[in-house]
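Spelled out from the first residue to the last, the chains are:
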Amino acid sequence: MSEMLSMLQGAIIGQSPIVYVYSPEEERIVRAIKSIAEPLNLPVTTWSCVTGLDGYGNETQDPVVAIKTFIKDNIQGMIVLKDLAPFLDDFKVVRAIREAYNDGRKNKNRTVFLVCADNIVPEAIKKEIHFLEIPTPDENEIVKIIDEAKQNPELNIPDDAVREVTLALKGLTENEIDYVLHRACKNEGADKDQILDEIFAEKKNVVKKSGFLEFSPPRWKIENLGGLDNLKQWLIKRQDMFTREALEAGVPVPKGLLMMGVSGCGKSLAAKTISSLWNIPMFRLDMNLVFSGMYGTPEEAFHRALKTIESVAPAVLWIDEIEDALGLDESGQRIASHIFSTFLTWMQEKPPLIFIAATANKIQALPAEVLRKGRFDEVFFCDLPSKEEREDIIKIHLRRNNANLEDFDFKMLQIMTEGWNGAEIEQAIIAARTEAFYENRPFAQRDLEAVIGRIVPLSDTMENQIKAIRSWAFTRATPASKYGKSAAKR
Ligand SMILES: Nc1ncnc2c1ncn2[C@@H]1O[C@H](COP(=O)(O)OP(=O)(O)O)[C@@H](O)[C@H]1O
Ligand SMILES: [Mg+2]
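Residues numbered from 1 in each chain as written. Chains lettered and ligands numbered in written order. Predicted model: local features only at pLDDT ≥ 70, side-chain atom pairs only at ≥ 80, totals over all residues.

1. Looking at the overall build of the protein chain
What counts, and what does not: Each helix is a run of DSSP H or I of at least 4 residues and each strand a run of E of at least 2, with the numbering of both proceeding from the N terminus. Backbone-placed C-beta atoms define the burial measure: a residue is buried with 20 or more other C-beta atoms within 10 Å of its own, exposed with 12 or fewer, and partly exposed in between. Residues are scored as being in contact if the C-beta atoms we place from backbone atoms lie within 7 Å.
For the protein chain, the helix and strand inventory stands at 22 helices and 13 strands. Seen through its principal axes, the protein chain has C-alpha atoms that stretch 90 × 55 × 45 Å. Taken across its 490 residues, the protein chain has 38% of its residues classed as buried. Pairs at least 24 apart in sequence give 79% of the contacts found in the protein chain among residues at least 6 apart.

Okay, structure coming up:
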């Protein structure tokens, strides 16, 4: 049985006279209520302010009249009041609901459902109302929708795609699923990846409406992340954890990863690679917008952001520079402690199909609670790259800049870039390429050497800070690099 059906049935079995069903999917809810009523031989009567109460005249378009009518005529079975929410600021309507409640307590064969797309239960009748927040279709329902779609000769859903597509469709409403299947599967040759891309695009739209979650396109490949082998291996080992096979086999789903360390060493880049590696959509939470006040108080906005991300699971929630995001200042003092505690509680209870990818630069600012075992599956420390890693990074960026690798002396470049981070290496390569282009020459070793000679790496001016970061991380995190803890000195 689907989650929705068991929630609705629970309310009926519990004999709640008034059930508030919070969901934007009215059609789906009404269909479910009918499917429960039919085998029990119970009638279903619906009401809306346009149609009035089924079987009655236009005067029942008025919600108070409608409620009085079904009480007076002692209508049995299920009564569905559609879109009553806008009338709930009228005390007469609220009073009428209370009367329906009192009458319903005596009359056990009637359940009144208020199906509303907004959650605005009036304080005065909160105690009387049984509240249900109906999630979007679960896997059972999605499988059924896909089976139906497969009957449609116009749609082509390859068999090998069904499992992943089912999982990817979670979080979308029935209409959104229908729409996306029609759009993605209409053309003959659509393969799994194209269909998944369409689904991600639809999820992106859903999330966009929330305002502060930004879709991070699956554009970043892990092959473009140099060094950091321990971290990369960790990610690669988990790349199939979000497939249905893994979920069905009960393999524990990873919860989250924290990457902290020296800036410019590829933490944000590593986070960005997750979505294409794992084939699930990723959203960056823009905490500046949460704090901006544009979306209500930061607490409300944050709560809504977390709810939105839950609704599009499976997904990666990327929180960049979490120390700022959580409102922590340099010394770890909390500027917004409510948000911080909300986040920690949420991390503990969050739905299993949300993976958190967090990065942190000012790691001393992270309070112990964040690092406590069990919150993140792993905490990696990203140090300045070792000489082998620098070579790796140099090659990646040379290739990205269409250089001919044979024209470069990597032993020399390893030595010249001692103490450099990945971002500085990238910058130097771009500068060298630009200069060569300007002089109309192919770009080669001497251009790069000239630029490297002019740049002072951050680690020269920040030696003490970097030392402090290292010694802090030494006992608290796993090195992201396979070359170990002091590799960067080489
Ligand atoms: N290990 C690396 N491999 C390849 N490129 C890197 C690496 N580290 C940094 N870069 C380059 O520098 C840019 C900035 O790095 P970023 O990931 O933002 O660093 P951080 O988040 O650790 O401060 C990246 O987009 C990438 O182009
Ligand atoms: Mg970063």
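2. What about the packing of helix H19 (residues 422-438) against helix H20 (residues 445-454)?
When two helices pack together, their arrangement is captured by the angle between the axes and the distance separating the axes. Let me state the cut-off plainly: Fitted lines through C-alpha atoms serve as axes, helices being fitted only where they are in contact, and the angles separating the N-to-C directions of these axes extend from 0 to 180 degrees. Roughly parallel means an angle under 35 degrees; roughly antiparallel, over 145; roughly perpendicular, 65 to 115; everything else is oblique. By definition, any crossing whose near helix is turned counterclockwise from its far helix by less than a right angle is left-handed, and any crossing with a clockwise turn is right-handed. All amino acids are sorted into three groups, where Ala, Val, Leu, Ile, Met, Phe, Trp, Tyr, Cys and Pro are nonpolar, Asp, Glu, Lys and Arg are charged, and the leftover types, Gly among them, are polar.
Two numbers describe how H19 lies on H20: the axes approach to 8 Å, and their chain directions differ by 125°. Between H19 and H20, the angle is such that the two are oblique. For H19 against H20, the interelement crossing comes out right-handed. In this structure, H19 uses Ala-428, Ile-429, Ala-431, Ala-432, Glu-435 and Ala-436 to contact H20, whose residues at the interface are Asp-447, Leu-448, Val-451 and Ile-452. Class assignment of the residues belonging to the contact of H19 with H20 gives a composition of eight nonpolar, no polar and two charged.

3. Comments concerning the domain arrangement of the protein chain
So the rule is basically this: Reported domain spans reflect what an automatic or database domain assignment gives.
What the domain assignment lists for the protein chain is domain 1 (3-133), domain 2 (139-207), domain 3 (222-382) and domain 4 (387-461). Taken over C-alpha atoms, the centre of domain 3 sits 32 Å from the centre of domain 4. Taken together, the contact between domain 3 and domain 4 spans seven residues of the former and nine residues of the latter. Taken together, the residues of the side of domain 3 that touches domain 4 sort by class into two nonpolar, five polar and no charged.

4. Re the nonpolar core
Test applied: The term nonpolar core refers to a set of buried Ala, Val, Leu, Ile, Met, Phe, Trp, Tyr and Cys residues connected through C-beta atoms within 7 Å.
Met-259, Phe-283, Ala-315 and Leu-317 are the most contacted members of the largest nonpolar core, which totals 64 residues. It is strand S11 (residues 354-360) that provides the largest number of residues to this core, a total of six residues. For Met-259, the contacting residues outside a window of four places in its chain are Leu-231, Lys-267, Ala-270, Ala-271, Thr-359, Phe-380, Cys-382 and Ala-480. Counting residues in each nonpolar core, the second largest holds 32 residues, with Leu-8, Ala-66, Met-78 and Leu-114 among its members.

5. With respect to the site of ligand 1
Keep this limit in mind: Being near a molecule or strand means, for a residue, that its C-beta atom, positioned from the backbone, comes within 6 Å of it.
For ligand 1, the set of nearby residues contains 18 residues, the closest of which are Gly-226, Gly-266, Lys-267, Ser-268 and Gly-422. For the shell around ligand 1, the elements supplying multiple residues, two or more each, are helix H11 (267-278), helix H17 (387-400) and H19. Tallied by class, the residues present in the shell around ligand 1 amount to eight nonpolar, eight polar and two charged. When residues are assigned to domains, the shell around ligand 1 turns out to be shared by domain 3 (222-382) and domain 4 (387-461), each giving three or more.

6. What to know about the sheet that holds strand S8 (residues 256-261)
Note the threshold: In this scheme, strands are said to pair when DSSP sees at least two bridges between them.
Strands sit in the order S7-S9-S10-S11-S8-S12-S13 across an open sheet of seven strands; the sheet is mixed. Taken across any chain shown, the strands that pair with only one partner, and hence form the sheet edges, are strand S7 (213-216) and strand S13 (478-479). Contacting S7, S8, strand S9 (282-285), strand S10 (315-319), S11 and strand S12 (378-382), H11 crosses the sheet at an angle of about 165° to S11.

7. A word on helix H9 (residues 229-237)
For an α-helix the count is 3.6 residues per turn, leaving residues at separations of three or four pointing the same way. As a reminder, the rule being used: Here the arc refers to the set of directions running from the helix axis out to each C-beta atom.
Within the sequence span of H9, burial applies to Leu-231, Lys-232 and Leu-235. Buried residues along H9 cover an arc of 95° about the axis, so they all sit on one side. Of the exposed residues in H9, those oriented more than 90 degrees away from the buried face are Gln-233 and Lys-237. On the buried face of H9, the contacting elements are S8, H11 and S12.

8. A look at the pairing of S8
Every other side chain in a regular strand lies on the same face of the sheet, so the side chains alternate between the two faces. The element S8 is largely enclosed, with a buried count of five among its six residues. Inspection of the sheet shows S8 paired to S11 by five bridges, in the parallel sense. Residue pairing across strands places Leu-258 opposite Ala-358, the latter belonging to S11. The sheet contact formed by S8 and S12 spans five bridges and is parallel. For Gly-261, the partnering residue across the bridge sits in S12 and is Cys-382.

9. Focus on the packing of helix H1 (residues 3-13) against helix H2 (residues 26-37)
Their axes nearest at 10 Å, the elements H1 and H2 cross at an angle of 60°. When the axis of H1 is compared with that of H2, the two are oblique. As H1 runs across H2, the sense of the crossing is right-handed. Across the interface between the two elements, Met-4, Leu-5, Leu-8, Gln-9 and Ile-12 from H1 touch Ala-32, Ile-33 and Ile-36 from H2. Across the contact of H1 with H2, the residue classes tally to seven nonpolar, one polar and no charged.

10. What about unusual backbone geometry?
Backbone phi values are negative for most residues with the exception of glycine, while trans is the configuration of most peptide bonds. Geometrically, the link from Ala-313 to Pro-314 is a cis peptide bond, its omega value of 5° lying close to zero. One can find Pro-314 in the loop between helix H13 (298-311) and S10. Even without glycine at this site, Asn-402 takes up a positive phi of about 55°. Mapped onto the elements of the fold, Asn-402 is located in the loop between H17 and helix H18 (410-416).

11. Considerations on the pairing of S10
The buried count for S10 comes to five of five residues, which makes it a mostly enclosed element. Burial along S10 is two-sided: the residues Ala-315, Leu-317 and Ile-319 and Val-316 and Trp-318 are all buried. Bridging between S9 and S10 involves three bridges; their strand directions are parallel. Bridge pairing links Met-282 to Val-316 in S10. Both S10 and S11 contribute to a ladder of five bridges, which runs parallel. Bridged to Val-316 within S11 is Phe-355.

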